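# Per-entry structural report
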Amino acid sequence: MRIPFIAGNWKMYMTRAEAKDLVEGLLTALANVRDVEVAVCPPFTALDCVSRLVANSRIALGAQNCYWEDKGAFTGEVAAPLLKEIGCKYCIVGHSERRQYFGETNETVRKRILALYKHGILPILCIGETLKEREKGQTEKVVLTQLRECLQNLPPERVVKTTVAYEPVWAIGTGKTATPQQAQEVHALIRAEVVRMYGKDVAEGVRIQYGGSVKPDNIKELMDQEDIDGALVGGASLKVDSFAPIVRFAE
Ligand code: PGA
């Protein structure tokens, strides 16, 4: 049985003061939630403040990116050991915004995943097709190529603890959600590919989140799908009033 997993991707929002308000609100609103894992992924500048607030709570801490070297002259980058020290359990890698604006490739995503594995941080690997690719009928090819290239030749005992976030690029921040059927179809393809790469046991353990305009009013029908194990939530994760109900519906 996979435990549902809801993660909030705060992107480049939230001062530390705003982060404090949000997390305090979430700690209260989610105090009685039991059967779902919750993580928040603040910008680097708020990690320390949020780490203190969520210590010993049900909310886990995640980062939004990391560099693959442990240390060195890499101005502006943040390494996995630094994220570990600050209390990160998770780290998002390969988000479409990083692929689109910052030159992230499947190869650099894979290097980041290896660095995270080395330091005991659990990756949330984002994959997904653009609208153009979907319209050309290339969804399966694009998504499975990303999956294969990012996850090839990795230790199975780590892969099983990796989360894959299927985020159709056309659904991110647009208010357009994939229908539960469209999402389930791709989630099933992803799980089948993990079976081919690592076998059934690993594939049964890997959690596959859906991401792209997830809101309190669409989470339930998404979670009802067999292969949807949670959600990576952007916009709606920035307010207690929208994130807390998403977590509760996922329970
Ligand atoms: P959204 O973002 O929920 O605002 O569409 C999701 C994401 O980019 O992870």
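For the structure itself, look to the data block above.
Reference entry: report on the structure contained in this document. (Residues numbered from 1 in each chain as written. Predicted model: local features only at pLDDT ≥ 70, side-chain atom pairs only at ≥ 80, totals over all residues. Heavy atoms only, no water.)

Along its length, the chain carries 12 helices and eight strands. For 251 residues, the compact-globule estimate of 2.2 N^0.38 gives 18 Å, and the chain sits close to it at 17 Å. A principal-axis box enclosing the C-alpha atoms of the chain has dimensions of 45 × 45 × 35 Å. With 251 residues in all, the chain has 53% of them scored as buried. (Helix = DSSP H or I, 4+ residues; strand = E, 2+ residues; numbered from the N terminus. Rg over C-alpha atoms; globule rule 2.2 N^0.38 Å. Buried < 20%, exposed > 50% of the residue type's maximum accessible area, 1.4 Å probe, protein only.)

Time to look at unusual backbone geometry. Positive phi, normally seen in glycine, also occurs at N56, with a value near 60°. Of note, N56 is situated in the loop between α2 (44-54) and β3 (59-63). Although it is not a glycine, S213 adopts a positive phi angle of roughly 55°. Mapped onto the secondary structure, S213 falls in the loop between β7 (207-211) and α11 (219-223).

Another aspect to go through is the packing of aromatic side chains. Evaluation of the coordinates by the stated rule reveals five aromatic pairs. Here Y67 and F74 contribute two aromatic rings whose centre-to-centre distance is 4.9 Å and whose plane-to-plane angle is 45°, an arrangement assigned as tilted. Both rings, one in Y101 and one in F102, keep their centres 6.4 Å apart while their planes meet at 85°; by these two values the pair is edge-to-face. Taken together, the aromatic side chains of Y67, W68 and F74 make up a single cluster linked through ring pairs. (Phe/Tyr/Trp six-rings, centres within 6.5 Å; stacked < 30°, edge-to-face > 60°.)

A word on the site of the ligand. What surrounds the ligand is a group of 13 residues, the closest being K11, H95, E167, G173 and S213. Contact between the ligand and G173: an oxygen atom at 2.6 Å from a main-chain N or O atom of the residue. Between the ligand and the protein, one listed contact pairs an oxygen atom with a backbone N or O atom of G235 at 2.8 Å. Here the ligand occupies the second largest pocket. Class assignment of the residues belonging to the shell around the ligand gives a composition of four nonpolar, seven polar and two charged. (Near = heavy atom within 4 Å. Polar contact = N/O pair within 3.5 Å; in protein donor to acceptor, adjacent residues only side chain to side chain. 1 Å grid on protein atoms, 1.4 Å probe; cavity = no way out; pocket = protein on both sides within 12 Å on 5 of 7 lines; lining within 4 Å. Sits in = over half its atoms within 2 Å of the grid points. Nonpolar A, V, L, I, M, F, W, Y, C, P; charged D, E, K, R; others polar.)

Take the packing of helix α5 (residues 106-118) against helix α7 (residues 139-151) next. Where α5 contacts α7, the axes come no closer than 8 Å and their chain directions differ by 45°. One way to sum up the angle between α5 and α7 is to call them oblique. Seen from above, α5 lies across α7 with right-handed handedness. Of the residues in α7, those touching α5 at N106, V109, R110, I113 and Y117 are T145, Q146, E149, C150 and L151. For the contact of α5 with α7, the per-class residue count stands at five nonpolar, three polar and two charged. (Axes fitted to C-alpha atoms, helices over the stretch in contact; angles between N-to-C directions. Parallel < 35°, antiparallel > 145°, perpendicular 65-115°, else oblique. Left-handed = near helix turned anticlockwise from the far one by under 90°. Contact = heavy atoms within 4.5 Å.)

With that out of the way, let us pick up the layout of surface pockets. The computed volume of the largest pocket comes to approximately 730 Å³. Taken together, 29 residues make up the lining of the largest pocket; nearest its centre are H95, E97, R98, Y101 and F102. Of all elements in the fold, only α4 (96-101), β5 (122-127) and α7 reach the threshold of two or more residues within the lining of the largest pocket. Per element, the largest residue contribution to the lining of the largest pocket is six residues, and it comes from α4. The class makeup of the residues in the lining of the largest pocket is 13 nonpolar, 10 polar and six charged. Approximately 230 Å³ is the volume attributed to the second largest pocket. Split into classes, the residues belonging to the lining of the second largest pocket amount to seven nonpolar, nine polar and three charged. (Points joined across faces, edges and corners; volume = space filled by probe spheres on them.)

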